[in-house]
Amino acid sequence: MKHFKKGSGAARRTPWRALGVAVAGSILLGGCFDGDGGSGGDSASNEPLTPSDGQLEATIRLTTGGVPHIKADDLASASFGLGYAQTRDNVCLLAEAIVKARSERAKYFGAGQDDINIINDLSYKAQHILSGAEDEYDDLSEQSRAMIDGFTAGYNKYVTETPAGDLPAECRDQPWVKEIRPQDLLAHYRIVGQYASGALFATGAVFSAVPGEQLVDIQPTPVMASTGTLLNTKQIADNAVHGAGQRASYSDLGLASNAWGIGADMTEQGRGALLANPHFPYTGHRRLYQSQMTVPGYLNINGAGLLGTAIPLISFNESLSWSHTVTTSRRFALYELTLKAGDPLTYIKDGVEKPITSETFQIEVDIGGTSPAVVERTFYFSEYGPMVSGSAITGGGLPVWSDASGKAYSYRDANADTGGLLDTWLGMSRASNLDEFQQVFRDCGSTLWTNSTYADKDGNAFYIDSSSVPNLSEKSIALINFKRSVSSDYADLFDAGLTLLDGSESFDDWVEGDCDGLVPYESKPKLLRSDWVQNSNSSYWATNPDEFLEGFSPMFGTERTPINPRTRLGIKMLQNPNAAGMPGVTPPAGQDGKFGAEDLINVIWNNRAWYAEQFLPELRERCGLIGATTVDGVDLSTACGVLDSWDSVYNLDSVGAHVFRVFIANYADSFETDLTEAFTPDDPVYTPGAPSETDKGTASDPMLLALSQGVQALNAQGIALNATLGSVQYIRPSGDVPPGGTPIFQSPGIPWHGGDGNVDGAFNAIGVVTDEYAEDTRFPRIAPSVVDNTGGLSDGAVAGTEGWLMARGTSWHYGLEFTDTGPEAYGLVSYSQSSDAMSDFFLDQSQNYSDKQYRKLLFTEQEIQQNLLPNGEETINASL
């Protein structure tokens, strides 16, 4: 099976053990707001949604950091202003996102590396990304249509009024930068909604699902032979099967976050406070963009949302604030279908024959000639959704869809339709108290694939897994738990994020209820406290160890199991708010143990790391014991001397942080065998731990061997052991070319503080990205080739990527406290507001992050006016 290597904290790819047809069948065991605003509950007819005369008008005021504060008389006009501002700063990324959502990448960018554009385009058509949006649009709420229509108008205004030759290099004079429809934007939302579900199957799993699963049958068909001769359709099919098998885990999105909700018991003002710290990519569609949207008497919200969203998503208003973290929940279920004998297009459910239906889709492919090629493929569907190749995604662990196996596979996606996406965040944004915020989720609101962590002016701290989770019956849940306990193969599938259900019996269908098959509010994990709640991507179980959350569906995650190092460190700081952790480190809440807004932003920037606090004292002791004796042929004296004086944190001037990183990256492989204190559910923070005393301080010491291996890696790359972290760790954006071009660096490197969340166990988590394309896009970037077991140290093969070239992690982040006069918040967008290298707002906040110079997040009219940039106010208009 593919699985996580225990103790490593990172996905490692290993072969799937073959399940075989008999095992696959047997494991199914079928029989056994602001102060003036109202709540989100007002009827749409009483809300200022659209201008009465059809003329959109918004005032945009830019303040420090290029943050737009948008004011308008109605919701559509406010979203219009946001659409215009976002497009001005990120037009190429937004335009490419629409190309993707419309299944037109191959049309404009060609087949792509390993034919990925063809595979993506056809898969998204099969997943009804655009056609579903077109069907869904008319059924949207009036509020959602107002926001989508307004944002679309803002995008179109910028695109039509800006000469194509004046656009950034990535999309200058490109034919795909053009006006869009509201349905196109909604299609983009459907992709965003499926980041943790259907999008994971768009790289080949859906494409490879045909009866028989032979390459000849998987191939797309040229509509006209003369235009398709330059496409190697067999290669496309082979690449689809290969792409389907590349994912080691369907629960790891490559995204992470920290969020704390602090209640009245632990704040300086006796009200609520919030730490928001999403760890997202620095490139591509998942960048976060800050703005303030104000519709007087209706909405006043300041925060940041993913590019293209028509309202901020991680935000605060006058009364409350919240942040999101990627949840351990499951957003889809895989169904094994039992086929009718001799008929691979019919399956049997509850003894009744059910058809597997089909649809044929066409796309255009740029083959370099005067006209594109046109290819088509037929895709297949069950009642649950698209068919997928179980064999391809498990490397043969599940059987091929065939008469011989009698099995086929399909999936149901909890986020297939995202028409309520904006309604959920509008409801949260307009809430003025905890009850109104909770009501959004009582009404079946969903944050798709995230938890929500909340604090308010009344001193409440609240957590909820607010994601979309399949609502399974008690029988179905009991069978999942049973199958996990008796079948290691089923357990491996489940641990990899694949929940295999029985499509031959209706008991495994989702319980529809009031939320259309999703778990309702009363059955979701949630916790209300007056001290604190937190989440750093471990499960809901240890939200606060003083009140463990237990007894929930396994579809939400695990209970009484180890938590990740960021969670361990976060809880340690919350439980010990006035303790330094290591000598010389500032306590997270100062000496008084009470958190304020500046304390919370500094909690992120204190750059503490769990593994340093857990293992550094022991490693220093062993260094003293080994002395000048070599370990694996390496004299560790210099490395040990550096570690002895290291301040234990990941600041720019820290000397020794990089040495500890390469040590812990190697020592993590020994956790399972060398740590003598097993995990204890009663003590999830401090267990597992305790390195073995066997061979302690000798040349056979696992800790010293790991240090030796790390030192050898640094020496091989010419990295001085006494280097400061800031001299070897940095960001350096690259690109400046359209898809298909050769990227260039867009700036010198900027030193970057923080550590790897998985490798170092750093709370301020950042990381290296080796993908040669900006996240979710076809824009090329310069990426390093890295040395194994080093946390992403470049191997020097790609010029300009020496050391650690960071490209993900702490992004939009802030610390906030409610005071008697309103919210007070400090933070940054670490990679800055604009992806345009010529913009004043391309790297300004990045330098601020490097220098640890946070800015106040402006909210009041007085603050905005006092910080207005020169010529920073404009009013824009358009017809709705």
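Residues numbered from 1 in each chain as written. Predicted model: local features only at pLDDT ≥ 70, side-chain atom pairs only at ≥ 80, totals over all residues. Heavy atoms only, no water.

We now examine the overall build of the protein. Tallying secondary structure elements over the protein gives 24 helices and 36 strands in all. Relative to a compact globule of 880 residues, whose C-alpha radius of gyration would be 29 Å, the protein shows 27 Å and is just as compact. Dimensions of the protein, computed from the C-alpha atoms along their principal axes, are close to 75 × 65 × 55 Å. Within the protein, the fraction of its 880 residues that count as buried is 64%. (Helix = DSSP H or I, 4+ residues; strand = E, 2+ residues; numbered from the N terminus. Rg over C-alpha atoms; globule rule 2.2 N^0.38 Å. Buried < 20%, exposed > 50% of the residue type's maximum accessible area, 1.4 Å probe, protein only.)

Strand order in the open sheet formed by three strands is 5-16-15, with antiparallel pairing between adjacent strands. One side of each edge strand has no neighbouring strand; the edge strands of this open sheet are strand 5 (221-222) and strand 15 (357-365). Note: strand 15 against strand 16 (residues 373-381), nine bridges, orientation antiparallel. The partner of Val365 across the bridge, within strand 16, is Ala373. Contacts between helix 4 (residues 116-126) and the sheet are confined to strand 15 and strand 16, with strand 15 contributing the most and set at about 140° to the helix. (Pairing = 2+ DSSP bridges. Contact = heavy atoms within 4.5 Å. Axes fitted to C-alpha atoms, helices over the stretch in contact; angles between N-to-C directions.)

Our next topic: the layout of surface pockets. In this structure, the second largest pocket spans a volume of roughly 1100 Å³. Taken together, 46 residues make up the lining of the second largest pocket; nearest its centre are Asp417, Gly419, Gly420, Cys444 and Asp516. Elements with a minimum of two residues in the lining of the second largest pocket: strand 18 (407-413), helix 12 (421-430) and helix 13 (434-442). Counting residues per element, the lining of the second largest pocket draws most heavily on helix 12, at six residues. The class makeup of the residues in the lining of the second largest pocket is 16 nonpolar, 19 polar and eleven charged. (1 Å grid on protein atoms, 1.4 Å probe; cavity = no way out; pocket = protein on both sides within 12 Å on 5 of 7 lines; lining within 4 Å. Points joined across faces, edges and corners; volume = space filled by probe spheres on them. Nonpolar A, V, L, I, M, F, W, Y, C, P; charged D, E, K, R; others polar.)

To continue, consider the nonpolar core. By size, the foremost hydrophobic cluster in this structure holds 258 residues, and its most contacted members are Trp260, Trp449, Phe660, Leu707 and Tyr814. With 15 residues, the single largest contributor to this core is helix 2 (residues 75-101). The contacts of Leu707, once residues within four sequence positions are left out, are Leu619, Cys623, Leu636, Ala639, Cys640, Leu643, Val659 and Phe663. (Core = buried A, V, L, I, M, F, W, Y, C linked by side-chain atoms within 4.5 Å.)

Here we come to helix 18 (residues 610-626). Counted at 1.5 Å a residue, the expected span for helix 18 with its 17 residues is 24 Å, and the 25 Å between its end C-alpha atoms agrees. Of all the residues in helix 18, the buried ones are Trp610, Tyr611, Ala612, Glu613, Phe615, Leu616, Glu618, Leu619, Arg622, Cys623 and Ile626. Downstream of helix 18 by a residue or two, Gly627 has a phi angle that is positive, lying close to 55°. (Expected span 1.5 Å × (residues − 1).)

To continue, consider the state of the cysteines. What the rule picks out here adds up to three disulfides. A disulfide bridge connects Cys444 with Cys515, and the sulfur atoms are separated by 2.0 Å. Looking along the S-S bond of the Cys444-Cys515 disulfide, the torsion reads about -75°, which is the left-handed sense. Pair noted here: Cys444 is in the loop between helix 13 and strand 19 (450-456) and Cys515 is in the loop between strand 21 (500-502) and strand 22 (526-529), with a separation of 71 residues, a long-range link. (Disulfide = S-S within 2.5 Å.)

Pro688 follows Thr687 through a cis peptide bond whose omega is 0°. Its place among the elements puts Pro688 in the loop between strand 24 (675-677) and strand 25 (689-691). Here the phi dihedral of Ser648 falls at roughly 80°; this positive angle occurs in a residue that is not glycine. Tracing the backbone shows Ser648 in the loop between helix 19 (637-645) and helix 20 (657-667). Unlike most non-glycine residues, Ser832 shows phi in positive territory, near 80°. Along the chain, the position of Ser832 falls in the loop between strand 34 (822-829) and helix 23 (844-850). Given the relative accessible area of 0%, Ser832 is considered buried.

Scanning all chains against the criterion turns up 41 aromatic pairs. Look at Phe615 and Phe671: their rings are 5.7 Å apart centre to centre, the planes differ by 35°, and that puts the pair in the tilted class. Of the two residues, Phe615 is situated in helix 18 and Phe671 in helix 21 (residues 671-674); the sequence distance between them amounts to 56 residues. A relative accessible area of 0% places Phe615 in the buried class. What makes Phe671 buried here is its relative accessible area of 10%. Feature note: the residues Tyr611, Phe615, Trp646, Tyr650, Phe660, Phe663, Tyr667 and Phe671 constitute an aromatic cluster, connected by ring pairs. Taking NZ or CZ as reference, Lys475 lies 4.3 Å from the ring centre of Phe507, over its face. Sitting over the ring of Tyr773, Arg778 keeps its end group 4.0 Å from the ring centre. (Phe/Tyr/Trp six-rings, centres within 6.5 Å; stacked < 30°, edge-to-face > 60°. Lys NZ or Arg CZ within 6 Å of the ring centre and 35° of its normal.)

Right, let's get into the confidence of the model for the protein. Per-residue confidence for the protein gives a mean pLDDT of 94, with 94% of residues at or over 70. Of the regions scoring below 50 in pLDDT, residues 1-42 engages in 118 contacts with residues more than four places distant in sequence or in other chains. (pLDDT = per-residue confidence, 0-100.)

With respect to the helices and strands, the residue Thr162 is situated in the loop between helix 6 (142-161) and helix 7 (182-193). Separated by 74 residues in the primary sequence, Thr162 and Arg88 place their C-alpha atoms 9.3 Å from one another.

Here we come to the side chain of Gln290. With respect to the helices, strands and loops of the structure, Gln290 is situated in strand 8 (residues 288-295). In terms of polar contacts, Gln290 uses its side chain to reach the side chain of Asn302, at 3.0 Å. Those residues in contact with Gln290, other than ones at most four positions away along the chain, are Val67, Pro68, Asn302, Gly303, Ala304, Trp812, Val829, Gln833, Arg855 and Leu857. (Polar contact = N/O pair within 3.5 Å; in protein donor to acceptor, adjacent residues only side chain to side chain.)

This part covers the pattern of salt bridges. Pairing is possible between side chains of opposite charge, provided their charged atoms come close. Applying the stated criterion to the full structure yields 34 salt bridges. Asp546 serves as the salt-bridge partner of Arg529, at 3.9 Å between the closest nitrogen and oxygen. Here Arg529 is found in strand 22, whereas its partner Asp546 is found in the loop between strand 23 (532-535) and helix 16 (565-575), with 17 residues between them in sequence. Judged by relative accessible area, Arg529 falls into the buried class, the value being 18%. The partner of Arg529 in a salt bridge is Glu547, with the nearest N and O atoms 2.8 Å apart. One end of the pair, Arg529, is in strand 22; the other, Glu547, is in the loop between strand 23 and helix 16, with 18 residues separating them in the sequence. One salt-bridge network, held together by shared partners, links Glu618, Glu621, Arg622, Glu693, Lys696 and Asp701. (Salt bridge = Lys/Arg side-chain N within 4 Å of Asp/Glu carboxyl O.)

Attention shifts here to helix 4. Buried residues dominate helix 4, accounting for ten of its eleven residues. Note on helix 4: the residue one or two positions beyond its end, His128, has a positive phi of about 55°.

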